[in-house]
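Now for the letters of each chain:
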Amino acid sequence: AALFLLLFLPGPGWAWSILQEGLHLQTFPGDLQHAGITVLRIDPARFSLQLLSASETGSGSLTLRDWARRHGLTAAINASMYQQDRVTSTGYMRNFGHLNNPSVNPRFGAFLLFNPKDDNDPLVRIVDRYHVPEWRELLPRYHSVVQNYRMIGAERTNAWLVSSQLFSMAGIGLDKAGNLLFIHSRFPRSVHELNKLLLNLPLNIQVAMYVEGGPTAGLYLNEERLAPSGLSGLASAWQNMDTLYRIPNVLGIIERK
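The structure contained in this document is the topic of the report that follows. (Residues numbered from 1 in each chain as written. Predicted model: local features only at pLDDT ≥ 70, side-chain atom pairs only at ≥ 80, totals over all residues. Heavy atoms only, no water.)

### Thoughts on the overall build of the protein
So, step 1. Each helix and strand counted, the protein has five helices and 18 strands in total.
So, step 2. Going through the 257 residues of the protein one by one, you find that 55% of them count as buried.
So, step 3. Taking contacts inside the protein between residues at least 6 apart in sequence as the whole, the part at least 24 apart equals 66%.
So, step 4. When the accessible surface of the protein is summed, it comes to about 11500 Å², and 52% of that surface belongs to carbon and sulfur atoms. (Helix = DSSP H or I, 4+ residues; strand = E, 2+ residues; numbered from the N terminus. Buried < 20%, exposed > 50% of the residue type's maximum accessible area, 1.4 Å probe, protein only. Contact = heavy atoms within 4.5 Å. Areas by Shrake-Rupley, 256 points an atom, 1.4 Å probe, with all protein chains shown as cover.)

Pasting the structure below:
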């Protein structure tokens, strides 16, 4: 049976493209308010999350496309904003024994945790430090941690103040079923407005964090890593959102064997 199917959701034109099992793509169409929001939905039981940093690999900064192709990623997105040295993340970042930034940023409220040390822990978590008092105890339970601003906090709260600043952006979320969401808003909008849209779209999104904004924000899908049957209708559902900018820290997915 072909792996490329359409799952129709409430609302005109809202359909998930199944690229392969555990990997679904959607660009939400409609009026201008809803235009330009692309979501890659990832089952963490079928795809492992990877953190790649120029400080750890020694490769220097690369585009999302180059990160994906060099390291065999199925998809890649920004991991975080970065400091003026163009290497160090603006928030705490650790990958196994490698520390990109050892300092917890007091302004950032979200931690993405993955690669658990205990098999009984969830494969991926986004912890809202303002609603989870034990967040300091949770960080050492995972080999990989990335800290960023909150977008959607615990209990589906819009964690971003109203602002007139408009820009494209990338974010990472989790839905009610525990699926990982790579999110890209091509159309310039405020983060507060994007959060409202995400909460009202048929995503069942529970929590999300901001990873980058402006021209350096991107989302790349490596078609070379997809099953051939998942490519037949991809052109109608996907517009490449790779950034031409070189970035030092990325998050990617690799199919579990």
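### Details of unusual backbone geometry
For residues that are not glycine, phi is negative in most cases, and the peptide bond is trans in most cases.
So, step 1. Positioned with a positive phi, Phe96 is a non-glycine residue whose angle comes to about 55 degrees.
So, step 2. We classify Phe96 as partly exposed; its relative accessible area is 44%.
So, step 3. The backbone phi angle of Asn204 is positive, close to 55 degrees, even though this residue is not glycine.
So, step 4. Note on placement: Asn204 falls in the loop between helix H4 (191-200) and strand S16 (205-213).
So, step 5. For Asn204, a relative accessible area of 52% puts it in the exposed group.

### Some points on the packing of aromatic side chains
So, step 1. In this structure the tally under the stated criterion is six aromatic pairs.
So, step 2. Here Phe111 and Trp135 contribute two aromatic rings whose centre-to-centre distance is 5.1 Å and whose plane-to-plane angle is 15 degrees, an arrangement assigned as stacked. Note that Phe111 is positioned in strand S9 (residues 110-116) and Trp135 in helix H3 (residues 135-138), a separation of 24 residues in sequence.
So, step 3. By relative accessible area, Phe111 is classed as buried at 0%. (Phe/Tyr/Trp six-rings, centres within 6.5 Å; stacked < 30°, edge-to-face > 60°.)

### Some remarks on the environment of Leu73
So, step 1. With respect to the secondary-structure elements, Leu73 resides in the loop between helix H2 (64-71) and strand S6 (75-78).
So, step 2. Residue Leu73 is classed as buried on the basis of its relative accessible area of 0%.
So, step 3. Along the backbone, Leu73 and Leu221 are 148 residues apart, and their C-alpha atoms lie at a distance of 8.5 Å.
So, step 4. Those residues in contact with Leu73 that sit more than four places away from it in its chain are Gln50, Leu52, Trp67, Ala68, Asn222, Arg225, Gly252, Ile253 and Ile254.

### Examining the pattern of salt bridges
So, step 1. Following the criterion strictly, the structure yields six salt bridges and no others.
So, step 2. Lys196 is the partner of Glu193 in a salt bridge, and the nearest nitrogen-oxygen pair spans 3.6 Å. Of this pair, Glu193 and Lys196 both sit in helix H4, separated by three residues, roughly a single helical turn.
So, step 3. Overall, the relative accessible area of 38% leaves Lys196 in the partly exposed class.
So, step 4. Linked through salt bridges whose partners overlap, the residues forming this network are Asp118, Asp121 and Arg141. (Salt bridge = Lys/Arg side-chain N within 4 Å of Asp/Glu carboxyl O.)

### Some remarks on the layout of surface pockets
So, step 1. Approximately 170 Å³ is the volume attributed to the largest pocket.
So, step 2. Pro122, Val124, Arg125, Ile126, Val127, Asp128, Val132, Ala154, Leu174 and Val207 together form the lining of the largest pocket.
So, step 3. Here the lining of the largest pocket takes five residues from strand S10 (residues 124-128), the largest share from any one element.
So, step 4. Here the residues of the lining of the largest pocket sort into eight nonpolar, no polar and two charged. (1 Å grid on protein atoms, 1.4 Å probe; cavity = no way out; pocket = protein on both sides within 12 Å on 5 of 7 lines; lining within 4 Å. Points joined across faces, edges and corners; volume = space filled by probe spheres on them. Nonpolar A, V, L, I, M, F, W, Y, C, P; charged D, E, K, R; others polar.)

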